[in-house]
Amino acid sequence: MMPLPRREVAPGAVHVPGWLDLDRQLDLLAACRAWASGPVPVRHTVLPRGGVMSVQTVCVGWHWQPYRYTRTADDVNGARVAEFPAWMVTLGREALAAAYDRPDDGYTPDTALINFYDDQARMGMHQDKDERSAAPVVSLSIGDACLFRFGNTGTRGRPYTDIRLESGDLFVFGGPSRFAYHGVPKVYPGTAGPSLGMKGRLNVTMRVTGL
Ligand SMILES: O=C(O)CCC(=O)C(=O)O
Ligand SMILES: [Fe+2]
């Protein structure tokens, strides 16, 4: 098979358009839909100062709440989160190898944050920094396209690169870009292909908590 084109957006930050074929997108979508209904239901995360995130989130492996990971979802229903499945470790390894064009080095993600975006949802510029590991973050997108903004490690502002992430796209950020600010300023409603049978956008980020 021809390797897919890869674009290095910043050192250690790589975009691989169309990495997941339709069947694998549908499988991942089905798994995420199941997780969204339990053991911990998908919900809008409440921030410490009372703000409510516009995306809806459910976690696997470890539960993230601002700004830490726990095994039980104490800010939702107290239930223990679903196990991080072995097939998703394999998927994470394949993703890493594809993005970096090298062996996966035994990459073992142990948590995934699954975010559902409706037409209005967005995510402000932030760092993924509640993990105690500098292992890369693997991001997979399904459904509507979005504007993804990938910045720098020093500030929320410029320089940054704006990328359109489409259904099936892979984005990996590690190495010197692992703690770069990034966000989703906009979703493009109705851009998902009809064969997915979904509205909105789904994003899965796999991480190594180091816990
Ligand atoms: O939705 C995305 O593409 C990014 C999600 C993200 O940055 C996060 O969950 O921390
Ligand atoms: Fe993030």
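These figures come from a predicted structure and were not determined experimentally. (Residues numbered from 1 in each chain as written. Chains lettered and ligands numbered in written order. Predicted model: local features only at pLDDT ≥ 70, side-chain atom pairs only at ≥ 80, totals over all residues.)

Here's the deal with the UniProt feature "domain: Fe2OG dioxygenase" (unreviewed entry) in the chain
At step 1: Sequence positions flagged by UniProt for "domain: Fe2OG dioxygenase" (unreviewed entry) are, in local numbering, residues 108-210.
At step 2: A distance of 10 Å separates the end C-alpha atoms of residues 108-210, which is 0% helix and 46% strand. (UniProt positions renumbered as here; feature names shortened; annotations may be inferred. Helix = DSSP H or I, 4+ residues; strand = E, 2+ residues; numbered from the N terminus.)

Let's talk about the sheet that holds strand E1 (residues 7-10)
The strands making up a sheet associate through backbone hydrogen bonding, with each pair oriented either parallel or antiparallel.
At step 1: Strand order in this open sheet of eight strands is E1-E2-E12-E9-E14-E7-E4-E3, and the pairing throughout is antiparallel. Edge positions in the open sheet fall to E1 and strand E3 (43-46), since each of these has one partner strand only. Recorded for the sheet is a direction-independent mean angle of 30° between the axes of neighbouring strands.
At step 2: Of the strand pairs in this sheet, strand E9 (residues 137-143) and strand E14 (residues 201-207) are connected by six bridges, and their pairing is antiparallel. Following the sheet pairing, Gly143 is matched in E14 by Arg201.
At step 3: Set on the sheet, helix H2 (residues 86-100) makes contact with strand E2 (13-16), strand E7 (111-117), E9, strand E12 (170-173) and E14; between it and E12 the angle comes to about 80°. (Pairing = 2+ DSSP bridges. Axes fitted to C-alpha atoms, helices over the stretch in contact; angles between N-to-C directions. Contact = placed C-beta atoms within 7 Å.)

Some remarks on H2
At step 1: Taking 1.5 Å of rise per residue, the 15 residues of H2 would be expected to cover 21 Å, and the 21 Å separating its terminal C-alpha atoms lies within 8% of that figure.
At step 2: For H2, every residue scored as buried is listed here: Met88, Leu91, Gly92, Ala95, Leu96, Ala99 and Tyr100. On an axial view of H2, the arc spanned by its buried residues comes to 145°, and they lie on one face. The outward face of H2, more than 90 degrees from its buried face, is lined by the exposed residues Ala86, Trp87 and Thr90.
At step 3: In this fold, the buried residues of H2 make contact with E2, E7, E9, E12 and E14.
At step 4: Downstream of H2 by one or two residues, Asp101 has phi in the positive range, about 55°. (Expected span 1.5 Å × (residues − 1). Buried ≥ 20, exposed ≤ 12 C-beta atoms within 10 Å, placed from the backbone. Arc of directions from axis to C-beta.)

Quick word on the pairing of E12
At step 1: Side-chain alternation along E12 places Leu170 and Val172 on one buried face and Phe171 and Phe173 on a second face that is also buried.
At step 2: Here four bridges tie E2 to E12, and the two strands are oriented antiparallel to one another. Each bridged residue has a counterpart across the sheet, and for His15 the counterpart in E12 is Phe171.
At step 3: Sheet topology places E9 next to E12; four bridges connect them, and they run antiparallel. Looking at E12, one finds that Val137 is bridged to Phe173.

Regarding the sheet that holds strand E11 (residues 161-165)
At step 1: Within the open sheet, the four strands sit side by side as E8-E13-E10-E11. Their pairing is antiparallel. The sheet is open, and its two borders are formed by strand E8 (123-126) and E11, each paired with just one other strand. Averaged over all pairs of adjacent strands, the angle between strand axes in this sheet comes to 20°, irrespective of strand direction.
At step 2: As defined by bridge partners, E8 adjoins strand E13 (residues 182-188) across two bridges and the pair is classed as antiparallel. Pairing of Met123 across the sheet is with Val184, part of E13.

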